[in-house]
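Results of the structural survey
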Amino acid sequence: MAKQFILALDQGTTSSRAIIFNQEGEIISTAQKEFKQIYPKAGWVEHDGKEIWSTQAGVATEAITSAGLDGSNIAGIGITNQRETTLIWDRETGKPVYNAIVWQDRRTSDFCDQLKSEGYAETIQDKTGLVIDSYFSAQRSNGFSTM
């Protein structure tokens, strides 16, 4: 059996990263690639989903090959991401429906202010543990966001 390693993929706000760890938890190889930030309007922050996918696949391949490994050496993959960034993919085409709306995006600020003024702040904090803020993706779901 080939020696086994863990591939960690980190999808950050400004770049995609990959790290290969050995069985002792030591870093064997890394790769990183920045991607474009898109600012279509003041306060709006977006990413191109196809570029996110492309850079993540590229750094994974680079980290594996620069360590002299191939897919048979990868025992598992750990994934982390920006958490509050929202991206919807079309199930049939496999393409993004729209750019990713990044956690820094402020387009739902007015809606958040409306929720607060209507008295929902305490209820939302009790249910989620979070204060109302456009940082959180919940305000961008269910048609609340205007693109």
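For the structure, see preceding data.
Read on for a plain summary of the structure. All values reported here derive from a predicted model rather than from experimental measurement. As a convention, each chain's residues are numbered from 1 in the sequence order in which they are written. Predicted model: local features are reported for residues with pLDDT of at least 70 only, side-chain atom pairs are reported and counted for 80 or more only, and whole-chain, interface and lining totals are derived from all residues. Excluding hydrogens and water, the side-chain values take into account all heavy atoms of the structure.

**Regarding the overall build of the chain**
Helix and strand assignments follow DSSP, with helices taken as H or I runs no shorter than four residues and strands as E runs no shorter than two, numbered in order from the N terminus. Regarding its fold elements, the chain presents three helices and six strands. Along the chain, helices and strands appear, N-terminal first, in the series β-β-β-β-α-β-β-α-α. Over its C-alpha atoms the chain spans a radius of gyration of 19 Å, topping by over 25% the 15 Å that the globule rule assigns to 147 residues. In terms of overall dimensions, the chain has C-alpha extents of about 60 × 30 × 30 Å along its principal axes. Note on exposure labels: buried denotes an accessible area under 20% of the residue type's maximum, exposed denotes more than 50%, and partly exposed covers the range between, all computed with a 1.4 Å probe on protein chains only. Scored against the burial criterion, the 147 residues of the chain give a buried share of 33%. A separation of at least 24 residues holds for 54% of the contacts in the chain among residues at least 6 apart in sequence. Per-residue accessibility takes into account occlusion by the displayed protein chains alone, with areas from the Shrake-Rupley method and a 1.4 Å probe. As displayed, the chain offers around 9200 Å² of accessible surface, 52% of which is attributable to carbon and sulfur atoms. For the radius of gyration, the atoms used are the C-alpha atoms, and the globule rule reads 2.2 Å times the number of residues raised to 0.38. In what follows, residue pairs with any heavy atoms lying within 4.5 Å of each other are defined as contacts.

**A few points about the environment of Ala67**
Take Ala67: it is sitting in the loop between α1 (49–66) and β5 (74–80). Between the alpha carbons of Ala67 and Lys41 there is a distance of 42 Å; along the sequence they are 26 residues apart. The contacts of Ala67, once residues within four sequence positions are left out, are Ile28 and Ser29.

**A short note on the environment of Ser72**
With respect to the helices and strands, the residue Ser72 is situated in the loop between α1 and β5. Given a relative accessible area of 48%, Ser72 falls into the partly exposed group. Each C-alpha atom of the pair Ser72 and Leu7 lies 12 Å from the other, and the pair is 65 residues apart in sequence. With residues near it in sequence (within four places) discarded, Ser72 still touches Ala2 and Gln4.

**Observations concerning the environment of Thr86**
When you line up the elements, Thr86 lands in the loop between β5 and β6 (100–101). Judged by relative accessible area, Thr86 falls into the partly exposed class, the value being 23%. A sequence separation of 19 residues divides Thr86 from Asp105, and the C-alpha atoms of the two residues are 10 Å apart.

Fair warning: the whole summary comes from geometry, so function is off the table for now.
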